[in-house]
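Listed below are the residues making up each chain.
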Amino acid sequence: MRKKLHVRITLFVLIFLVNIFQSIGQDALKYKYPILPGTAEWKNFKSTAEMIDACNIPSDVLANLSTKELWDVCLQYPLLRQYTASNSPYRGIQGIIDVFNGLTELMRRDDAHKVIYGYYLTEEIANINNTKNKGAYTFDFCAIELILAQKPIISRFSREEKLNVLTTMLEKYDEKSSYSEYFGMFGKVATAFAANKYAEATGKTKRADNEQFRLFTEEMLLADASHVDTILSELVEYQKSTK
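Residues numbered from 1 in each chain as written. Predicted model: local features only at pLDDT ≥ 70, side-chain atom pairs only at ≥ 80, totals over all residues. Heavy atoms only, no water.

Student: Please give an account of helix α9 (residues 134–148) that cites residues and values.
Tutor: Under the 1.5 Å per step criterion, the end-to-end length of α9 is 22 Å for 15 residues, consistent within 8% with the ideal 21 Å. For α9, the tally of buried residues reaches 11 of 15 residues, placing the bulk of the element in the interior. Looking only at α9, the buried set comprises Ala136, Tyr137, Thr138, Phe141, Cys142, Ala143, Ile144, Glu145, Leu146, Ile147 and Leu148. Taking the backbone nitrogen of Gly135 as reference, a side-chain oxygen 3.4 Å away marks Asn133 as the first, capping residue of α9. (Helix = DSSP H or I, 4+ residues; strand = E, 2+ residues; numbered from the N terminus. Expected span 1.5 Å × (residues − 1). Buried < 20%, exposed > 50% of the residue type's maximum accessible area, 1.4 Å probe, protein only. Polar contact = N/O pair within 3.5 Å; in protein donor to acceptor, adjacent residues only side chain to side chain.)

See the structure below:
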(Lines give C-alpha, C1' and ligand atoms only; values in the text may rest on other atoms or scores of the structure.)
Protein backbone atom coordinates (compact mmCIF):
# COMPACT_ATOMS: atom_id res chain seq x y z
CA MET A 1 0.00 0.00 0.00
CA ARG A 2 2.89 2.32 0.76
CA LYS A 3 3.94 3.13 -2.81
CA LYS A 4 5.14 6.60 -3.66
CA LEU A 5 2.19 8.85 -4.29
CA HIS A 6 3.60 10.52 -7.38
CA VAL A 7 3.31 7.21 -9.26
CA ARG A 8 -0.44 7.25 -8.91
CA ILE A 9 -1.64 10.83 -8.60
CA THR A 10 -3.02 12.45 -11.71
CA LEU A 11 -1.65 15.45 -13.55
CA PHE A 12 -4.16 17.86 -12.09
CA VAL A 13 -2.91 17.08 -8.59
CA LEU A 14 0.71 17.59 -9.60
CA ILE A 15 -0.13 20.98 -11.06
CA PHE A 16 -2.12 21.90 -7.99
CA LEU A 17 0.69 20.90 -5.65
CA VAL A 18 2.97 23.35 -7.39
CA ASN A 19 0.52 26.09 -6.49
CA ILE A 20 0.45 24.91 -2.87
CA PHE A 21 4.21 24.97 -2.54
CA GLN A 22 4.33 28.44 -4.06
CA SER A 23 1.94 29.65 -1.36
CA ILE A 24 4.00 28.34 1.57
CA GLY A 25 4.71 31.15 3.97
CA GLN A 26 1.50 33.03 3.16
CA ASP A 27 -0.09 32.13 6.46
CA ALA A 28 -2.45 35.10 6.80
CA LEU A 29 -6.06 34.15 6.12
CA LYS A 30 -7.94 36.31 3.63
CA TYR A 31 -10.79 36.43 6.13
CA LYS A 32 -10.66 36.18 9.91
CA TYR A 33 -13.71 35.40 12.00
CA PRO A 34 -14.60 38.53 13.99
CA ILE A 35 -15.74 36.67 17.13
CA LEU A 36 -14.03 33.55 18.41
CA PRO A 37 -14.78 31.01 21.17
CA GLY A 38 -13.35 32.09 24.50
CA THR A 39 -13.88 35.81 23.93
CA ALA A 40 -16.29 37.92 25.95
CA GLU A 41 -18.42 38.51 22.85
CA TRP A 42 -18.72 34.78 22.22
CA LYS A 43 -19.75 34.13 25.81
CA ASN A 44 -22.59 36.63 25.41
CA PHE A 45 -24.28 34.55 22.71
CA LYS A 46 -27.56 33.08 23.91
CA SER A 47 -27.95 30.36 21.28
CA THR A 48 -26.12 28.27 18.71
CA ALA A 49 -28.02 30.17 16.03
CA GLU A 50 -26.34 33.40 17.14
CA MET A 51 -22.93 31.73 16.96
CA ILE A 52 -23.67 30.44 13.46
CA ASP A 53 -24.78 33.90 12.28
CA ALA A 54 -21.64 35.49 13.70
CA CYS A 55 -19.41 33.01 11.88
CA ASN A 56 -20.99 33.32 8.44
CA ILE A 57 -18.77 35.10 5.94
CA PRO A 58 -20.02 38.42 4.49
CA SER A 59 -21.31 37.84 0.96
CA ASP A 60 -18.97 40.38 -0.65
CA VAL A 61 -15.95 38.71 0.97
CA LEU A 62 -17.19 35.24 0.07
CA ALA A 63 -17.54 36.13 -3.60
CA ASN A 64 -13.95 37.33 -3.80
CA LEU A 65 -12.21 34.42 -2.09
CA SER A 66 -10.41 31.95 -4.33
CA THR A 67 -11.28 28.32 -3.67
CA LYS A 68 -7.94 27.79 -1.94
CA GLU A 69 -8.51 30.87 0.24
CA LEU A 70 -12.05 29.76 1.00
CA TRP A 71 -10.86 26.29 2.02
CA ASP A 72 -8.27 27.80 4.38
CA VAL A 73 -11.00 29.89 5.98
CA CYS A 74 -13.33 26.88 6.27
CA LEU A 75 -10.64 24.91 8.08
CA GLN A 76 -10.68 27.58 10.80
CA TYR A 77 -14.49 27.61 11.17
CA PRO A 78 -15.06 27.93 14.94
CA LEU A 79 -17.98 25.47 14.97
CA LEU A 80 -16.48 22.80 12.72
CA ARG A 81 -15.96 20.25 15.50
CA GLN A 82 -19.62 20.30 16.42
CA TYR A 83 -20.09 17.54 13.86
CA THR A 84 -18.79 15.12 16.49
CA ALA A 85 -21.93 15.71 18.59
CA SER A 86 -24.10 13.96 15.99
CA ASN A 87 -24.92 10.25 16.16
CA SER A 88 -23.76 10.25 12.54
CA PRO A 89 -20.64 12.41 12.11
CA TYR A 90 -21.27 12.27 8.35
CA ARG A 91 -24.70 13.85 8.82
CA GLY A 92 -23.14 16.20 11.35
CA ILE A 93 -20.78 17.52 8.69
CA GLN A 94 -23.66 17.84 6.24
CA GLY A 95 -25.55 19.87 8.84
CA ILE A 96 -22.61 22.25 9.16
CA ILE A 97 -22.38 22.55 5.38
CA ASP A 98 -26.06 23.51 5.32
CA VAL A 99 -25.74 26.34 7.87
CA PHE A 100 -22.23 27.69 7.26
CA ASN A 101 -22.14 29.69 4.04
CA GLY A 102 -18.40 29.11 3.61
CA LEU A 103 -18.80 25.36 3.21
CA THR A 104 -22.06 25.81 1.29
CA GLU A 105 -20.17 27.94 -1.24
CA LEU A 106 -17.24 25.52 -1.28
CA MET A 107 -19.53 22.68 -2.37
CA ARG A 108 -20.51 24.78 -5.40
CA ARG A 109 -16.95 25.49 -6.56
CA ASP A 110 -15.93 23.44 -9.60
CA ASP A 111 -12.38 23.03 -8.33
CA ALA A 112 -13.23 22.33 -4.69
CA HIS A 113 -12.40 18.62 -5.04
CA LYS A 114 -8.89 19.44 -6.24
CA VAL A 115 -8.27 21.93 -3.45
CA ILE A 116 -9.53 19.69 -0.64
CA TYR A 117 -7.76 16.59 -1.92
CA GLY A 118 -4.55 18.53 -2.53
CA TYR A 119 -4.58 19.66 1.09
CA TYR A 120 -5.43 16.19 2.40
CA LEU A 121 -2.75 14.55 0.28
CA THR A 122 0.04 16.80 1.53
CA GLU A 123 -0.97 16.99 5.19
CA GLU A 124 1.40 14.81 7.20
CA ILE A 125 -0.27 13.27 10.22
CA ALA A 126 3.06 13.50 12.04
CA ASN A 127 2.21 17.20 12.34
CA ILE A 128 0.12 16.16 15.32
CA ASN A 129 3.39 16.14 17.26
CA ASN A 130 3.60 19.91 16.79
CA THR A 131 0.11 20.68 18.06
CA LYS A 132 -0.88 21.51 21.62
CA ASN A 133 -4.42 20.15 21.31
CA LYS A 134 -3.96 16.73 19.76
CA GLY A 135 -7.59 15.78 20.23
CA ALA A 136 -8.69 18.81 18.22
CA TYR A 137 -6.23 17.88 15.47
CA THR A 138 -7.73 14.40 15.14
CA PHE A 139 -11.27 15.76 14.88
CA ASP A 140 -10.20 18.34 12.31
CA PHE A 141 -8.38 15.75 10.22
CA CYS A 142 -11.36 13.39 10.27
CA ALA A 143 -13.60 16.31 9.31
CA ILE A 144 -11.55 16.71 6.13
CA GLU A 145 -12.17 13.05 5.28
CA LEU A 146 -15.90 13.47 5.82
CA ILE A 147 -15.97 16.60 3.66
CA LEU A 148 -14.18 14.62 0.95
CA ALA A 149 -16.90 11.99 1.35
CA GLN A 150 -19.67 14.39 0.35
CA LYS A 151 -21.43 13.53 -2.91
CA PRO A 152 -20.76 16.90 -4.65
CA ILE A 153 -17.04 16.37 -4.06
CA ILE A 154 -16.88 12.69 -5.04
CA SER A 155 -18.87 13.28 -8.22
CA ARG A 156 -16.30 15.70 -9.65
CA PHE A 157 -13.46 13.16 -9.68
CA SER A 158 -12.90 10.82 -12.61
CA ARG A 159 -12.84 7.10 -11.82
CA GLU A 160 -9.04 7.07 -11.85
CA GLU A 161 -8.93 10.06 -9.53
CA LYS A 162 -11.41 8.41 -7.16
CA LEU A 163 -9.11 5.41 -6.96
CA ASN A 164 -6.25 7.78 -6.15
CA VAL A 165 -8.27 9.27 -3.30
CA LEU A 166 -9.12 5.79 -2.04
CA THR A 167 -5.45 4.81 -2.04
CA THR A 168 -4.51 8.00 -0.23
CA MET A 169 -7.12 7.40 2.45
CA LEU A 170 -5.81 3.90 3.10
CA GLU A 171 -2.29 5.29 3.35
CA LYS A 172 -3.45 8.00 5.74
CA TYR A 173 -5.02 5.24 7.81
CA ASP A 174 -1.63 3.58 8.07
CA GLU A 175 -0.24 6.90 9.27
CA LYS A 176 -3.08 7.26 11.77
CA SER A 177 -2.21 3.84 13.18
CA SER A 178 1.10 5.28 14.39
CA TYR A 179 -0.90 7.74 16.48
CA SER A 180 -3.73 5.47 17.57
CA GLU A 181 -3.57 6.81 21.12
CA TYR A 182 -4.90 10.09 19.73
CA PHE A 183 -7.09 9.01 16.81
CA GLY A 184 -8.55 5.99 18.58
CA MET A 185 -11.60 4.26 17.15
CA PHE A 186 -12.97 7.47 15.69
CA GLY A 187 -10.02 7.82 13.34
CA LYS A 188 -10.53 4.28 12.09
CA VAL A 189 -14.28 4.78 11.62
CA ALA A 190 -13.81 8.01 9.63
CA THR A 191 -11.35 6.37 7.21
CA ALA A 192 -13.47 3.25 6.76
CA PHE A 193 -16.57 5.31 6.00
CA ALA A 194 -14.99 7.88 3.68
CA ALA A 195 -12.81 5.39 1.80
CA ASN A 196 -15.77 3.08 1.30
CA LYS A 197 -17.69 5.94 -0.33
CA TYR A 198 -14.92 6.22 -2.92
CA ALA A 199 -14.70 2.46 -3.41
CA GLU A 200 -18.44 2.22 -4.08
CA ALA A 201 -18.20 5.17 -6.47
CA THR A 202 -15.66 3.20 -8.52
CA GLY A 203 -17.59 -0.06 -8.65
CA LYS A 204 -17.18 -1.84 -5.32
CA THR A 205 -20.29 -3.91 -4.65
CA LYS A 206 -22.55 -2.52 -1.96
CA ARG A 207 -23.54 -4.80 0.88
CA ALA A 208 -27.24 -5.58 0.61
CA ASP A 209 -27.40 -8.55 2.96
CA ASN A 210 -26.76 -6.85 6.29
CA GLU A 211 -28.72 -3.91 7.66
CA GLN A 212 -25.99 -2.93 10.12
CA PHE A 213 -23.40 -2.73 7.35
CA ARG A 214 -25.82 -0.68 5.25
CA LEU A 215 -26.45 1.78 8.07
CA PHE A 216 -22.73 2.30 8.51
CA THR A 217 -21.74 2.56 4.85
CA GLU A 218 -24.65 4.87 4.01
CA GLU A 219 -25.20 6.85 7.20
CA MET A 220 -22.06 6.31 9.32
CA LEU A 221 -24.18 4.79 12.08
CA LEU A 222 -22.07 2.13 13.80
CA ALA A 223 -23.78 -0.75 15.59
CA ASP A 224 -20.88 -3.20 15.68
CA ALA A 225 -17.27 -2.03 15.88
CA SER A 226 -16.02 -5.25 14.26
CA HIS A 227 -17.66 -4.14 11.01
CA VAL A 228 -15.06 -1.38 10.66
CA ASP A 229 -12.18 -3.86 10.49
CA THR A 230 -14.13 -5.96 8.01
CA ILE A 231 -14.72 -2.97 5.76
CA LEU A 232 -11.10 -1.83 5.95
CA SER A 233 -9.92 -5.32 4.98
CA GLU A 234 -12.35 -5.35 2.06
CA LEU A 235 -11.13 -1.92 0.96
CA VAL A 236 -7.52 -3.05 0.92
CA GLU A 237 -8.41 -6.07 -1.22
CA TYR A 238 -10.56 -3.96 -3.54
CA GLN A 239 -7.81 -1.38 -3.93
CA LYS A 240 -5.32 -4.11 -4.85
CA SER A 241 -7.74 -5.53 -7.43
CA THR A 242 -7.98 -2.20 -9.26
CA LYS A 243 -4.23 -1.91 -9.95
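Student: Account for the packing of aromatic side chains, with residues named and values stated.
Tutor: One pass over the structure, following the stated rule, counts 15 aromatic pairs. Ring centres 5.5 Å apart and planes at 75° place the aromatic pair Trp42 and Phe45 in the edge-to-face group. Exposure remark for Trp42: the relative accessible area of 10% places this residue in the buried category. Within the aromatic cluster, the residues linked to one another by ring pairs are Tyr31, Tyr33, Tyr77 and Phe100. We note Lys134 situated over the ring of Tyr182; from NZ or CZ to the ring centre the distance is 5.9 Å. Seen from the ring of Tyr120, Lys172 lies directly overhead, with NZ or CZ sitting 5.8 Å from the centre. (Phe/Tyr/Trp six-rings, centres within 6.5 Å; stacked < 30°, edge-to-face > 60°. Lys NZ or Arg CZ within 6 Å of the ring centre and 35° of its normal.)

Student: Tell me about empty space enclosed by the protein, and please be specific about residues and values.
Tutor: Tallied over the entire structure, the rule returns one cavity of 30 Å³ or more. Considered as a void within the structure, the largest cavity measures approximately 30 Å³ in volume. Within the residue set of the lining of the largest cavity, elements represented by two or more residues are α12 (180–201) and α14 (226–241). A class-by-class count of the residues in the lining of the largest cavity yields one nonpolar, three polar and five charged. (1 Å grid on protein atoms, 1.4 Å probe; cavity = no way out; pocket = protein on both sides within 12 Å on 5 of 7 lines; lining within 4 Å. Points joined across faces, edges and corners; volume = space filled by probe spheres on them. Nonpolar A, V, L, I, M, F, W, Y, C, P; charged D, E, K, R; others polar.)

Student: Please set out the packing of α9 against helix α11 (residues 159–177) residue by residue, giving values where relevant.
Tutor: Direction vectors running N to C along α9 and α11 enclose 165°, while the axes themselves pass 13 Å from each other. The angle between α9 and α11 falls in the class roughly antiparallel. The chirality of how α9 crosses α11 is left-handed. Two secondary-structure elements touch here, α9 through Phe141, Cys142, Glu145 and Leu148 and α11 through Met169, Lys172 and Lys176. (Axes fitted to C-alpha atoms, helices over the stretch in contact; angles between N-to-C directions. Parallel < 35°, antiparallel > 145°, perpendicular 65-115°, else oblique. Left-handed = near helix turned anticlockwise from the far one by under 90°. Contact = heavy atoms within 4.5 Å.)

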